[in-house]
Amino acid sequence: MAAIFLRVPPGDLFAALATDAALDAILVTLETNVISMALIVVFGTPAAYWVATRSSRLRDLVVTLVELPLVLPPAVAGIGLLAAFGRFGLLGSTMEIVGIDIAFTKIAVVLAVTFVASPFYVRTAVSAFEGIEPTLPDAARTLGAGPAKVFARVALPLAAGGLGAGAALAFARGIGEFGATIMFAGSLQGVTQTLSLAIYEQFDLDFDVALAISAVLVAVSAGLLLIVKLFSRWRSNSTSPIPFAAS
Amino acid sequence: MRRLAPFFTAAAVAAALAGTATARPQQEPLTIYAAASLTEVFRALDSGQRYNFGASNALETQIRQGAPADIFASAAPLNTQNLFKAGLVEKPVTFTSNRLALIVPKSNPAGIRSIYDLRSKPVKLVIAGPAVPVGNYTRTVLRKLGLTSVLSKVVSQESDVKAVTGKIALGQGDAGFVYVTDARPVSDQVTVIRIPAWAQPRVRYEIAVVSRSSNKAGAQQWIRALLAAKGQNALKSAGFLPLPKPKP
């Protein structure tokens with residue numbers, strides 16, 4: 001870690017960051033990851049709630065499927081995405097007929113990032129929902145709240161700390177995505193070249209730029225980890241002490 | 001404990017035997033860093049060595065960072081000469097030559113029939129990055145043909161020639177520039193569109209012994225074999241061109 005920051009003076013590091021390659025990579029990474037995170041949170045939150053409040057055999061299957069990208073090598077993810085969404089893939093060929101072009105576009109990057117980062121959010125979200133003291137939703141129900149209202153007014157606020165931590169973890173994984181992206185989306189500056197891909201390209205071209213981008217990723221990752229810690233503390237404060245536990 | 005003694009004796013004898021087996025003077029395989037376009041031909045020529053195939057510029061960087069290579073075979077003289085000037089390899093020699101081709105997937109989604117179709121048709125063009133030898137040669141070809149405007153149709157700049165070949169063979173891209181020798185192993189998946197001889201760049205492959213190598217004699221011997229009839233025939237049958245005659 002220290003080697004990344006010590007090899008080049010900080011002034012040169014900032015100068016290297018001001019190059020087009022680095023700036024474009026920062027923009028591409030931000031744009032694609034913000035879209036991915038929106039998708040992950042919008043679809044992942046209800047899915048996690050569903051998983052956390054069921055105890056069927058189907059649940060184990062769903063959990064396994066959701067967690068699979070967590071343990072899959074990125075190269076396998078890349079191959080899988082190509083087989084599914086490639087131009088001659090299972091879904092890709094249909095989408096091309098419909099007019100949605102995925103190959104070498106930001107959509108491909110978003111798909112890759114969503115695939116690899118989503119388990120980090122969903123997993124944390126499931127345990128956050130499971131960690132809610134069951135008497136609280138039950139109490140809400142006895143007071144006449146419907147399932148939607150219980151989710152929105154009771155479960156969501158109580159799990160917010162865990163959800164935030166999960167989102168930060170998923171974002172950290174997403175901005176570092178490399179393997180699946182380079183296989184599935186290719187690498188073009190300003191279009192599909194994310195920070196990790198830019199490091200890989202600049203490694204042979206200009207080592208200082210590669211170093212500068214790496215330094216940014218180290219700083220951002222450290223910041224995100226700190227956020228996760230803060231969220232976790234907030235979660236433990238918000239769920240305990242349990243208001244009705246004594247009675 | 002006594003009952004176990006024969007077992008221990010047997011184990012000790014076995015270990016001693018294994019020791020002598022590995023201690024026998026054996027030819028340590030050479031570590032050869034070679035341009036990605038040499039993947040098939042080098043493996044076919046001599047499967048007994050350790051290879052690291054990649055973009056010549058990436059291999060140059062790795063050797064600069066102290067990678068434990070014995071031999072460096074580059075698709076462009078620039079990379080070997082850079083290392084030679086830095087004293088990291090011994091004097092490089094030219095060992096073969098190559099040509100570029102345009103490849104399209106067999107299904108040819110963009111309907112490319114000639115290289116000039118790149119200008120007139122919408123096409124997802126895949127090329128290698130500018131620092132990669134084949135990427136540099138690609139830009140030379142386009143300049144000679146007056147087609148530099150098609151660079152705006154590039155959808156991905158890949159890190160080596162095999163990555164370009166793969167993206168086209170898979171049908172992800174519509175067209176890509178590779179060496180003619182890269183098209184051969186995937187000839188059932190791609191169609192080759194020739195580039196006129198006058199627009200061809202001078203593609204010269206150089207090879208050199210890495211200065212830090214602990215087996216320089218073995219490395220030199222391997223290079224001599226590559227320059228001799230057996231090596232040259234293997235290159236020729238893979239589609240590489242014979243050594244270019246030195247220009248006066």
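A quick note: this is a predicted structure, and the numbers were derived from the prediction, not measured.

A. Layout of the overall build of chain A. When helices and strands are counted, chain A shows 12 helices and zero strands. Going from N to C terminus, chain A has its helices and strands arranged as α-α-α-α-α-α-α-α-α-α-α-α. Dimensions of chain A, computed from the C-alpha atoms along their principal axes, are close to 65 × 50 × 25 Å. Contacts spanning at least 24 positions in sequence make up 73% of the contacts within chain A whose residues lie at least 6 apart. Total accessible area computed for chain A in this model is approximately 12400 Å², and 71% of it derives from carbon and sulfur atoms. Here chain A carries 14 positive and 16 negative side-chain charges, and the mean point of each set is 16 Å from the other.

B. The arrangement of the environment of A:Arg7 in detail. One can find A:Arg7 in the loop between α1 (2-6) and α2 (10-17). Classification of A:Arg7 by relative accessible area gives exposed; the value is 53%. For the pair A:Arg7 and A:Asp208, spaced 201 residues apart in the sequence, the C-alpha separation amounts to 8.9 Å. If near-sequence neighbours (up to four positions away) are discounted, A:Arg7 is found in contact with A:Phe207, A:Leu211 and B:Gln65.

C. Region of the structure containing the sheet that holds strand β7 (residues 154-158) of chain B. Residues and elements named next belong to chain B. What the five strands build is an open sheet, ordered β7-β6-β8-β5-β9; its pairing is mixed. Edge positions in the sheet fall to β7 and β9 (190-193), since each has one partner strand and no second. If you compare each strand with its neighbour and ignore which way they point, the axes differ by 35° on average. Sheet analysis places strand β6 (residues 125-128) next to β7, joined by four bridges and oriented parallel. Bridged to alanine 128 within β7 is glutamate 158. Contacts from helix α6 (residues 133-144) reach β5 (100-105), β6, β7 and β8 (175-179) within the one sheet, and its direction differs from that of β8 by about 110°. Most of the contacts of helix α7 (residues 161-169) go to β8, to which it runs at about 140°, and overall it touches β5, β6, β7, β8 and β9.

D. Seen up close, the confidence of the model for chain A. Across chain A, the average pLDDT comes to 87, with 95% of residues at 70 or higher. Under a pLDDT of 50 for its full length, residues 240-247 of chain A has, in the predicted model, two contacts with residues more than four places off or in other chains.

E. Focus on the nonpolar core. Residues B:Leu38, B:Phe42, B:Leu118 and B:Phe177 are the most contacted members of the largest nonpolar core, which totals 69 residues. Aside from chain neighbours lying at most four places away, what touches B:Phe42 is B:Ile32, B:Ala34, B:Tyr51, B:Phe53, B:Ala73, B:Phe95, B:Trp222 and B:Leu226. Formed by 46 residues, the second largest nonpolar core is a distinct cluster that contains A:Leu136, A:Ala145, A:Val150 and A:Val154.

F. View of the sheet that holds strand β10 (residues 203-209) of chain B. All names here are of chain B. Spatial ordering of the open sheet is given by β2-β1-β3-β10-β4, a layout of five strands whose pairing is mixed. The sheet is open, and its two edges are formed by β2 (50-54) and β4 (93-98), each paired on a single side. Averaged over all pairs of adjacent strands, the angle between strand axes in this sheet comes to 20°, irrespective of strand direction. Most of the contacts of helix α4 (residues 77-85) go to strand β3 (residues 71-74), to which it runs at about 145°, and overall it touches β3 and β10.

About the thresholds
Residues numbered from 1 in each chain as written. Chains lettered and ligands numbered in written order. Predicted model: local features only at pLDDT ≥ 70, side-chain atom pairs only at ≥ 80, totals over all residues. Heavy atoms only, no water. Helix = DSSP H or I, 4+ residues; strand = E, 2+ residues; numbered from the N terminus. Contact = heavy atoms within 4.5 Å. Areas by Shrake-Rupley, 256 points an atom, 1.4 Å probe, with all protein chains shown as cover. Lys, Arg positive; Asp, Glu negative; His and termini not counted. Charge placed at Lys NZ, Arg CZ, Asp CG, Glu CD. Buried < 20%, exposed > 50% of the residue type's maximum accessible area, 1.4 Å probe, protein only. Pairing = 2+ DSSP bridges. Axes fitted to C-alpha atoms, helices over the stretch in contact; angles between N-to-C directions. pLDDT = per-residue confidence, 0-100. Core = buried A, V, L, I, M, F, W, Y, C linked by side-chain atoms within 4.5 Å.

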